[in-house]
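A look at the structure
Next come the chains, spelled out residue by residue.
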Amino acid sequence: MKLWIKTFSETATRSHFTGRKACYFNSEQVSRGKSTVNAWRQKQWLSKKSAYQALLDSVTTDEDSTRFQIINEASKVTLLAEIYGIEGNIFRLKINEETPLKPRFEVPDVLTSKPSTVRLISCSGDTGSLILADGKGGLKCHITANPFKVDLVSEEEVVISINSLGQLYFEHLQILHKQRAAKENEEEASVDTSQQENQEDLGLWEEKFGKFVDIKANGPSSIGLDFSLHGFEHLYGIPQHAESHQLKNTGDEDAYRLYNLDVYGYQIYDKMGIYGSVPYLLAHKLGRTIGIFWLNASETLVEINTEPAVEYTLSQMGPVAAKQKVKSRTHVHWMSESGIIDVFLLTGPTPSDVFKQYSHLTGTQAMPPLFSLGYHQCRWNYEDEQDVKAVDAGFDEHDIPYDAMWLDIEHTEGKRYFTWDKKRFPNPKRMQELLRSKKRKLVVISDPHIKIDPDYSVYVKAKDQGFFVKNQEGEDFEGVCWPGLSSYLDFTNPKVREWYSSLFAFPVYQGSTDILFLWNDMNEPSVFRGPEQTMQKNAIHHGNWEHRELHNIYGFYHQMATAEGLIQRSKGKERPFVLTRSFFAGSQKYGAVWTGDNTAEWSYLKISIPMLLTLSITGISFCGADIGGFIGNPETELLVRWYQAGAYQPFFRGHATMNAKRREPWLFGKEHTRLIREAIRERYGLLPYWYSLFYHAHVASQPVMRPLWVEFPDELKTFDMEDEYMLGSALLVHPVTEPKATTVDVFLPGSNEVWYDYKTFAHWEGGCTVKIPVALDTVKNPEIQRSYIICPGTQQTCGRTETSPQIPVFQRGGSVVPIKTTVGKSTGWMTESSYGLRVALSTKGSSVGELYLDDGHSFQYLHQKQFLHRKFSFCSSVLINSSADQRGHYPSKCVVEQILVLGLRKEPSFVTTHSSDGKDQPVAFTYCAKTSSLSLEKLSLNIATDWEVRII
């Protein structure tokens, strides 16, 4: 696998970052980069087939777990295995040294709490085996003693096998070989010397990476284990990689790497690790979804090998036939540099169940403040207060809504965070008050490195209290980043996080106000001129843990401390917004994530879709990619297409590097400004739907952005699709990702579904592919027929409709989508604006939908139940607005002003509204037979009260 190496001068500044050439070195050229060394060593050992055996006569059981010893037949060293049953159909397996020289690292703080366990009941097994059941009888654990293997069985079918390939591997902590040799007799010492030579060849005690030497005080400590997934060919997850949504088979040198790195302009379709790591994958087949969560924060490799099944045909789609034909098996081999084996098996059986099981462990997506779902404008860097004022005014002048202005590192005084450049930003509060008057926000950057400067109060206070990561000599670790020579806050220390959170208090952070929010960057952590541009693995953290143990969780702690700081500054009243570049499992609890330093090329627009889908199904719903590409200058068509795509992705931010040309939305000509304006305004019109989706992500763990297989788990064609996706369960989106595209093929899933074009209202039955015209210049030719070519064998046509240069969006029959009827300058201007309801009827003539509403910024929805959760249902020609959650109460004067019903086959005789006070009122309506649509306007139905609309 390739390792991305960058070079910097000692006085590196960010300007050196742009335009320089990065160099590639393969792992052999860099002293067999650590990840390769660990994997190679494991494979060398595993090739000897030295198996582990479970000692079932050592089994002990208590309320929480079942424990037993595992012994290696060659070394005779014992491990301790623990199996837990966890509420919600989850199994946990922990394997650790029984008597390690010192404690091995176990990842803290990721699990929201100690998992609630269920007692496992020991059932009778054959000689040499043990069967544990969860009490309900549906799930069982079959433990085989020799060789050690665990089969997870559901309804008498083996779903997952553990160690069936015998790849359990555990390197025991050791005394330094020279010390050990001195204690042993001459013969043993001679053997040790021979072993020592081999160990040095393998890099067991020290490894060189360029000029850096990684000394391991207790030798290597890597671990590994294999899992065989029966009947599964489609795997997803383990972000972050610029790769396809469906995980691919790996070769010996092509494992997926989980190692958080600052990779500027990362390669696409590459399994190298980039900014974040979530060691969690999902597997899906007809009838079942499962998950594997490998709780380890050290560098990790994942190998995947699928033994193919027989080819599916349409006649095999029934559940019985499918079950008979499944013969596939996928092997997943996890290897981590350190820590213990701590793995959770999520048994589903549905995608929704797996999402809930994972969030039960790591938490749900934080409920974002409403403004953060609007459009964000960022650049490295807006020059000064006048620049900010001019850009802000430009949005108003061109009637383009936006919610947040962003400032990069240049807003500070010499890259000293929590400060302001006195020349560029002499009055930051005045600047924020300008934004406040427009009901907008400010987001500024705060990185984890602290400039070494005796006159910088943040540095002085942190140093005095010993709050920096240490080197092997016990001194503050020093590395180069944007400010030059810097030290790095040790966010793994709770006291450091508490202190860092206190820095956001208004009296401490001079110039900040309550509309200022945060952006955490460079927190992999990025260390210029470090090995792979990150921190040395033998740096020391709180608790005397080496950096190698917890590298992937460093950014997680940074975002945690920042989010807590924003909450504390409001005395617990206001929701934070924090964007982070580096992340880990559970980062969803603290805010949003983006895909890092992408490039202004069509391929990066295209890869952003599978990257965001992968983040979404692994718990991080609030995710996005920089619009237009951070690096370079996008051609105008690409920029327009990226805005159109980004408007239908969760985090929506335009961003560009310092050397890129200015690209505010109005700088590309009148026609393209109009197209970008329309895309952004579409986003704002759908904010009620977006906000409701995030509420469901927050309380019910359902992803906002969903791959098709999640919504259509029994449709094989959806399993590897990544060029289109669902927003919630109601909208299907197919971005345009190719230059000069005039048409795109859109697959409309579900043979029993009906789909409606969001713009033209034309509709089709599901289970087919339609060809949609998307040329940007079609707007100049409104008489062009929009012809839809259906998959072979169908006769569906739609006739003549107005063309649109927007990307294809379809509403699913059976859904109700709430919208705003007018768009303001920002979300703050839209609080009291009216709602509209888009009712798309199913083939049965019914629909359901929801609206969630609260104040958009505080925790009152949680503490005081100040929210509205309304349910809309259409059945038997009656649309009903009722309460979806009686606990919630929130005063709202907003009304439903418009209702559009799609798929109504005949024109009604009349329409009336019926309110809770018993009054009926006739309603004027317009019916279009061509599109089978009914439009009701000039209504005044309060969103917070019960009412009905009757169509007769």
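Computed from a prediction, not measured in an experiment: that's the story for all the values here. (Residues numbered from 1 in each chain as written. Predicted model: local features only at pLDDT ≥ 70, side-chain atom pairs only at ≥ 80, totals over all residues. Heavy atoms only, no water.)

Section: the overall build of the protein
- The helix and strand tally for the protein stands at 17 helices and 56 strands.
- Taken over 952 residues, the protein has a buried fraction of 62%.
- Long-range pairs, those at least 24 residues apart, make up 71% of the contacts in the protein with a sequence separation of at least 6.
- Split by element, the accessible area of the protein, about 35,300 Å² in all, is 50% carbon and sulfur. (Helix = DSSP H or I, 4+ residues; strand = E, 2+ residues; numbered from the N terminus. Buried < 20%, exposed > 50% of the residue type's maximum accessible area, 1.4 Å probe, protein only. Contact = heavy atoms within 4.5 Å. Areas by Shrake-Rupley, 256 points an atom, 1.4 Å probe, with all protein chains shown as cover.)

So, the pairing of strand 49 (residues 878-883)
- When strand 48 (residues 868-875) meets strand 49, the two strands line up antiparallel, connected through 6 bridges. Pairing of lysine 871 across the sheet is with serine 882, part of strand 49.
- The turn linking strand 48 back onto strand 49 is made up of 2 residues, and serine 876 within it adopts a positive phi angle of 50°.
- Both strand 49 and strand 56 (residues 947-951) contribute to a ladder of 4 bridges, which runs antiparallel. Paired with isoleucine 880 across the strands is glutamate 948, a residue of strand 56. (Pairing = 2+ DSSP bridges.)

Re empty space enclosed by the protein
- Per the stated rule, a full pass over the model turns up 9 cavities of 30 Å³ or more.
- In this structure, the largest cavity occupies an estimated 120 Å³ of space.
- As for the largest cavity, its lining consists of 17 residues, and the residues nearest its centre are Phe355, Ser359, Ser616, Gly619 and Ser701.
- Of all the secondary structure elements, the ones that give two or more residues to the lining of the largest cavity are helix 5 (351-362) and helix 12 (602-617).
- If you tally residues by element for the lining of the largest cavity, the top one is helix 5, at 3 residues.
- When its residues are assigned to classes, the lining of the largest cavity shows 6 nonpolar, 11 polar and no charged. (1 Å grid on protein atoms, 1.4 Å probe; cavity = no way out; pocket = protein on both sides within 12 Å on 5 of 7 lines; lining within 4 Å. Points joined across faces, edges and corners; volume = space filled by probe spheres on them. Nonpolar A, V, L, I, M, F, W, Y, C, P; charged D, E, K, R; others polar.)

Regarding the layout of surface pockets
- Space inside the second largest pocket adds up to approximately 860 Å³.
- For the second largest pocket, the lining is made up of 40 residues, of which Leu370, Lys441, Asp855, Gly856 and His857 are closest to its centre.
- Within the residue set of the lining of the second largest pocket, elements represented by two or more residues are helix 11 (554-569), helix 15 (687-700) and strand 47 (847-853).
- The class makeup of the residues in the lining of the second largest pocket is 19 nonpolar, 7 polar and 14 charged.

Description of helix 11
- End to end, helix 11 covers 23 Å across 16 residues, agreeing with the expected 22 Å (1.5 Å per residue, within 8%).
- Counting buried positions over the 16 residues of helix 11 gives 13, a clear majority of the element.
- Of the residues flanking the end of helix 11, it is lysine 571, one or two places downstream, whose phi is positive at about 60°. (Expected span 1.5 Å × (residues − 1).)

A short note on the pattern of salt bridges
- By the definition in use, this model includes 55 salt bridges.
- When the shortest N-O distance is used, the salt bridge between arginine 440 and aspartate 396 registers 2.7 Å. Residue arginine 440 is located in the loop between helix 7 (428-437) and strand 26 (441-445), and its partner aspartate 396 is located in helix 6 (residues 385-397); the two are separated by 44 residues in the primary sequence.
- In this structure arginine 440 comes out as buried when scored by relative accessible area, which is 0%. (Salt bridge = Lys/Arg side-chain N within 4 Å of Asp/Glu carboxyl O.)

What about the sheet that holds strand 44 (residues 809-812)?
- Across the sheet, 6 strands lie side by side as 37-38-39-44-41-42; this open sheet has antiparallel pairing. Unpaired on one side and paired on the other, strand 37 (705-706) and strand 42 (763-765) mark the two borders of the sheet.

Concerning the packing of aromatic side chains
- Under the counting rule described, the total for this entry stands at 48 aromatic pairs.
- Taking the centre distance of 5.1 Å and the plane angle of 70° together, the rings of phenylalanine 622 and phenylalanine 694 count as edge-to-face. Taken together, the residues phenylalanine 622 in the loop between helix 12 and strand 35 (623-624) and phenylalanine 694 in helix 15 connect sequence positions 72 residues apart. Phenylalanine 694 matches phenylalanine 622 in its accessibility class, with the two residues each being buried.
- The structure contains a cluster of three or more aromatic residues connected by ring pairs, namely Phe371, Trp406, Phe517, Trp519, Phe577, Trp594, Phe622, Phe651 and Phe694.
- In this structure, arginine 653 packs its charged tip against the face of tryptophan 406, placed 4.7 Å from the ring centre.
- Of note, lysine 820 hangs over the ring of tyrosine 835, and the distance from its end group to the ring centre comes to 4.1 Å. (Phe/Tyr/Trp six-rings, centres within 6.5 Å; stacked < 30°, edge-to-face > 60°. Lys NZ or Arg CZ within 6 Å of the ring centre and 35° of its normal.)

Concerning helix 14 (residues 670-685)
- If you check helix 14, its first and last C-alpha atoms are 22 Å apart, about what 16 residues at 1.5 Å a residue would give, namely 22 Å.
- As for helix 14, its buried residues are in contact with strand 24 (375-377), helix 13 (636-646), strand 36 (652-654), helix 15 and strand 45 (815-820).

A short note on the nonpolar core
- Core analysis: the largest hydrophobic core is formed by 190 residues, its most contacted members being Phe293, Leu489, Phe577 and Leu727.
- Among the elements that line this core, the one with the most residues is helix 12, at 10 residues.
- Ignoring sequence-local partners within four residues, the contact set of phenylalanine 293 consists of Val110, Leu111, Pro279, Tyr280, Asp342, Val343, Phe344, Tyr358, Leu361, Thr362 and Ala585. (Core = buried A, V, L, I, M, F, W, Y, C linked by side-chain atoms within 4.5 Å.)

A look at the packing of helix 12 against helix 13
- The N-to-C vectors of helix 12 and helix 13 enclose an angle of 10°; their axes lie 10 Å apart at closest approach. Taken together, the axes of helix 12 and helix 13 lie roughly parallel to each other. Two secondary-structure elements touch here, helix 12 through Trp602, Tyr604 and Leu605 and helix 13 through Glu637, Leu638, Arg641, Trp642 and Ala645.
- In terms of residue class, the contact of helix 12 with helix 13 is built from 6 nonpolar, no polar and 2 charged. (Axes fitted to C-alpha atoms, helices over the stretch in contact; angles between N-to-C directions. Parallel < 35°, antiparallel > 145°, perpendicular 65-115°, else oblique.)

Structural notes on unusual backbone geometry
- Following proline 239, the chain continues into glutamine 240 via a peptide bond in cis, with omega recorded as 20°.
- Along the chain, glutamine 240 falls in the loop between strand 17 (234-237) and strand 18 (256-258).
- Residue proline 349 is reached from glycine 348 by a cis peptide bond, and omega for that bond is 15°.
- Look at asparagine 544: it is not a glycine, yet its phi comes out positive at around 65°.
- Structurally, asparagine 544 can be placed in the loop between strand 31 (540-541) and strand 32 (545-546).
- In this structure asparagine 544 comes out as exposed when scored by relative accessible area, which is 57%.

Observations concerning the sheet that holds strand 27 (residues 449-451)
- Strand order in this open sheet of 3 strands is 27-29-28, and the pairing throughout is antiparallel. Sheet topology places strand 27 and strand 28 (478-481) at the edges, where each strand pairs with a single neighbour. On average, each strand axis in the sheet is inclined to that of its neighbour by 55°, with strand direction left out of account.
- Here strand 27 pairs with strand 29 (residues 484-488) via 3 bridges, running antiparallel. Bridging from a neighbouring strand, isoleucine 450 pairs with serine 487 of strand 29.

Some words on the environment of proline 805
- Note that proline 805 resides in the loop between strand 43 (768-773) and strand 44.
- A residue is classified by how much of its surface remains accessible, and proline 805, at 4% relative accessible area, is buried.
- Through-space distance from the C-alpha of proline 805 to that of glutamine 644 is 9.7 Å; in sequence the pair is 161 residues apart.

Remarks on the environment of lysine 930
- Within the secondary structure, lysine 930 is located in the loop between strand 53 (925-928) and strand 54 (933-936).
- With 169 residues separating them along the chain, lysine 930 and phenylalanine 761 place their C-alpha atoms 9.5 Å apart.

Observations regarding the packing of helix 6 against helix 7
- At a closest axis distance of 10 Å, the pairing of helix 6 and helix 7 adopts a crossing angle of 5°. As the angle between them shows, helix 6 and helix 7 are arranged roughly parallel. Contacts from Glu385, Val388, Lys389 and Asp392 of helix 6 reach helix 7 at Pro428, Arg430, Met431, Leu434 and Leu435.

Brief notes about the confidence of the model for the protein
- Looking at the protein, pLDDT values average 89 and 88% of them are 70 or higher.
- Taken as a whole, residues 1-34 scores under 50 in pLDDT and shows 98 contacts with residues more than four places along the chain or in a different chain.
- Under a pLDDT of 50 for its full length, residues 778-803 has, in the predicted model, 52 contacts with residues more than four places off or in other chains. (pLDDT = per-residue confidence, 0-100.)

Description of the environment of lysine 451
- Summarising the element assignment, lysine 451 is placed in strand 27.
- On the basis of relative accessibility, which here comes to 17%, the residue lysine 451 falls in the buried class.
- Lysine 451 sits 28 residues away from glycine 479 along the chain, and the two C-alpha atoms are 9.7 Å apart.
- Once residues lying within four places of it in the same chain are set aside, the contact partners of lysine 451 are Gly414, Arg416, Tyr456, Tyr459, Pro483, Leu485 and Ser486.
- Of note is the side chain of lysine 451, whose polar atom sits 3.0 Å from the backbone oxygen of proline 483. (Polar contact = N/O pair within 3.5 Å; in protein donor to acceptor, adjacent residues only side chain to side chain.)

Side note on the side chain of histidine 655
- Mapping histidine 655 onto the fold places it in the loop between strand 36 and helix 14.
- In this view, histidine 655 contacts Cys378, Arg379, Trp380, Asp408, Trp519, Asp626, Ile627, Gly629, Phe630 and Arg663; residues no more than four positions away in its chain are not counted.

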